[in-house]
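Close look at the chain arrangement
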Amino acid sequence: MSKAVITLEPLACPSCLKKIESAVRELNGIDPNNVKGVFNASKIRVDFDENMLTVEDVEKAIENLGYPVIKSKVKIA
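Before going into details, it helps to say that this report is about the structure given with it.

Quick notes on the rules
- What you see as residue numbers is a count from 1 along each chain, following the sequence as written.
- Residues qualify for local features only when their pLDDT is at least 70, as the model is predicted, and side-chain atom pairs are given and counted only at 80 or more; totals for whole chains, interfaces and linings, by contrast, use all residues.
- Hydrogens and water are ignored here; the side-chain numbers use all heavy atoms of the structure.
- When a residue's accessible area, from a 1.4 Å probe over protein chains only, is under 20% of the maximum for its type it is buried; when over 50% it is exposed; and in between it is partly exposed.
- Each helix is a run of H or I in the DSSP string that is no shorter than four residues. Each strand is a run of E no shorter than two, and both are numbered from the N terminus.
- Directions from the helix axis toward the C-beta atoms define the arc.
- Any two residues whose heavy atoms approach within 4.5 Å at even a single point are treated as in contact.
- By nonpolar core is meant a set of buried Ala, Val, Leu, Ile, Met, Phe, Trp, Tyr and Cys residues that side-chain atoms within 4.5 Å join together.
- One bridge is not enough; two strands pair if DSSP finds at least two bridges between them.
- Lines fitted to the C-alpha atoms define the axes, with helices restricted to the stretch that makes contact. Angles between their N-to-C directions range from 0 to 180 degrees.

**Thoughts on helix H2 (residues 55-64)**
When H2 is considered as a whole, its buried residues turn out to be Val-55, Val-58, Glu-59, Ala-61 and Ile-62. Buried residues in H2, looked at end-on, bunch into an arc of 160°, giving them a common side. More than 90 degrees from the buried face of H2, the exposed residues found are Lys-60 and Asn-64. Looking at the buried positions of H2, the neighbouring elements they touch are strand S1 (2-8), helix H1 (14-25), strand S2 (30-38), strand S3 (43-48) and strand S4 (69-76). Looking one or two places after H2, you find Gly-66, whose phi comes out positive at around 100°.

**As for unusual backbone geometry**
A positive phi angle, near 50°, is found at Ser-42, a position not held by glycine. Tracing the backbone through its elements, the reader meets Ser-42 in the loop between S2 and S3. What makes Ser-42 buried here is its relative accessible area of 8%.

**Some words on the nonpolar core**
Among soluble globular proteins, nonpolar side chains are generally buried collectively. Of all hydrophobic cores here, the largest spans 19 residues; its most connected members are Ile-6, Ile-20, Val-24, Ile-30, Ile-44, Val-46 and Ile-62. Listed by contribution, the elements that provide at least two residues to this core are S1, H1, S2, S3 and H2. Ranked by residue count, the leading element in this core is H1, at 4 residues. With near-sequence residues (within four places) excluded, Val-46 lies in contact with Ser-2, Lys-3, Ala-4, Val-24, Ile-30, Asn-34 and Val-35.

**Structural notes on the sheet that holds S1**
On the basis of which strands lie adjacent, the open sheet formed by 4 strands has the order S2-S3-S1-S4 and antiparallel pairing. Only two strands of the sheet have a single partner each, and these edge strands are S2 and S4. Strand-to-strand twist of the sheet, defined as the mean angle between neighbouring strand axes without regard to direction, takes the value 15°. Summarising the sheet, S1 and S3 pair through 6 bridges and their orientation is antiparallel. Across the sheet, residue Ile-6 finds its bridge partner in S3, namely Ile-44. On the sheet, H1 packs against S1, S2 and S3 and is oriented at approximately 165° with respect to S2. In the packing of H2 onto the sheet, the strands contacted are S1, S2, S3 and S4, and the crossing angle to S4 comes to about 150°.

Here it is as structure tokens:
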């Protein structure tokens, strides 16, 4: 499993973060128990299987919801 911290444009409300977390949890290759957003920092941390998807796939899913991604930091475990 790899870990990624994805920084987003500032979010308008906590429900925006919940929407992002829910969508990311449903992606194949994501560990749904290890998806954690931080509203005040506009960041989301995810654990994912790099054999099933890339951090770019996660970013695209978030951006498809209408939330721009600023940058991602990935740590391969």
